Amino acid sequence: KANKLQYYNNPMWPGETHSLKVEKILYQGKSPYQEVLIFESLTYGKVLALDGIVQLTDKDECAYQEMITHLPLCSIPSPKKVLVIGGGDGGVLREIARHGSVESIDICEIDQLVIDVCKDFFPDLSVGFKDPRVRLHVGDAVEFLRNSPEGTYDAIIVDSSDPIGPAQELVEKPFFETIARALRPGGVLCNQAESMWLHTHLIQDMLSICCETFKGSVHYAWASVPTYPSGAIGFLLCAKEGPPVNFLAPINPIEKLEGAMTAGRDIRFYNTEMHRAAFVLPTFAKRELEAY
Ligand code: PUT
């Protein structure tokens, strides 16, 4: 009974839980940062969980990886220098690789164990590490950003876990300030931004910090991901002051990039219509988020 109660006690979604039938545990281990679990599920294929929270499944990872990557990269012309924070599974790298204009992809992931186990169990995601443009940095993102020269990146993608544990500081003002410093004028950030059903206050705080920090356009977008709490996940899109960016109408549509829809494996979720639709908010979310 005590064990069952603990499932309903996550402070990010108190009083609720979501379960998947486990067919077989494939890996269980502990890094200095978190517990890592991989299992075969009955209906979603292989699943990666960190500290008991689902990070990705074979079946629906396409929605998250494709949206968090192409929402920012299709919103600016010819992205060249891209940084990924987190993303140790490699899925975001796989998606960035579709953009032929990109010349370098830095990734800063804190947990080497996540990278290693994903290479063993999720080859369709970790294939992203094989792209010759990728430079891997294992360590703390804030430290990495502090040491990056000012104005380096066209786009930064923050593919973090939830802001409890190692990702806590990734939703705070000093972190966003270091991101803004590392972006070139008119450069863009896409940050994992939780669920509009569950985390209104957190999203409001992030929106208000980001409007103040980036000074360009700031928008909340969302997509359906069935295995994330509430079945939805948000993305915070921010442009640094400089050449204006209109996130709502992609200037660099994926369908026009040679081979991008089919490179490696076919795109499954993202397209220009999904991009535009991602910024359309239900009435309650408009009311709660648009003032920020
Ligand atoms: N990067 C995975 C996001 C998980 C959100 N709960």
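Here, the structure is the one placed above.
The structure presented is a predicted model; accordingly, all values stated were derived computationally and were not measured. (Residues numbered from 1 in each chain as written. Predicted model: local features only at pLDDT ≥ 70, side-chain atom pairs only at ≥ 80, totals over all residues. Heavy atoms only, no water.)

Draft legend 1. Seen up close, the overall build of the protein. Along the backbone of the protein there are ten helices and eleven strands. The globule rule puts the C-alpha radius of gyration for 292 residues at 19 Å, and the 18 Å found for the protein is close to it. By principal-axis analysis of the C-alpha atoms, the protein measures approximately 55 × 45 × 35 Å. Going through the 292 residues of the protein one by one, you find that 54% of them count as buried. (Helix = DSSP H or I, 4+ residues; strand = E, 2+ residues; numbered from the N terminus. Rg over C-alpha atoms; globule rule 2.2 N^0.38 Å. Buried < 20%, exposed > 50% of the residue type's maximum accessible area, 1.4 Å probe, protein only.)

Draft legend 2. Representation of the pattern of salt bridges. Applying the stated criterion to the full structure yields twelve salt bridges. Measuring nitrogen to oxygen at the nearest pair gives 3.2 Å for the salt bridge that ties Lys21 to Glu23. A residue is classified by how much of its surface remains accessible, and Glu23, at 45% relative accessible area, is partly exposed. Here the residues in one salt-bridge network are Glu61, Arg94, Glu95, Arg98 and Arg265, joined through shared partners. (Salt bridge = Lys/Arg side-chain N within 4 Å of Asp/Glu carboxyl O.)

Draft legend 3. Broad picture of the packing of aromatic side chains. Following the criterion strictly, the structure yields six aromatic pairs and no others. Residues Tyr27 and Phe121 carry aromatic rings whose centres are separated by 6.3 Å and whose planes lie at 50° to one another, so their mutual orientation is tilted. Here Tyr27 is found in strand 1 (residues 22–30), whereas its partner Phe121 is found in helix 4 (residues 112–121), with 94 residues between them in sequence. Classification of Tyr27 by relative accessible area gives partly exposed; the value is 23%. Ring centres of Tyr64 and Tyr228 lie 5.5 Å apart, and the angle between their planes is 80°; this geometry places the pair in the edge-to-face category. Of this pair, Tyr64 sits in helix 2 (residues 61–73) while Tyr228 sits in the loop between strand 10 (215–224) and strand 11 (232–240), placing them 164 residues apart in sequence. Using a relative accessible area of 11% as the deciding quantity, one classes Tyr228 as buried. Of the aromatic side chains, those joined through ring pairs into one cluster are Tyr64, Tyr228 and Phe235. Cation over ring: Lys46 sits above Phe122, and NZ or CZ is 5.9 Å from the ring centre. In this structure, Lys119 is placed above the aromatic ring of Phe129, and the distance from its NZ or CZ to the ring centre is 4.8 Å. (Phe/Tyr/Trp six-rings, centres within 6.5 Å; stacked < 30°, edge-to-face > 60°. Lys NZ or Arg CZ within 6 Å of the ring centre and 35° of its normal.)

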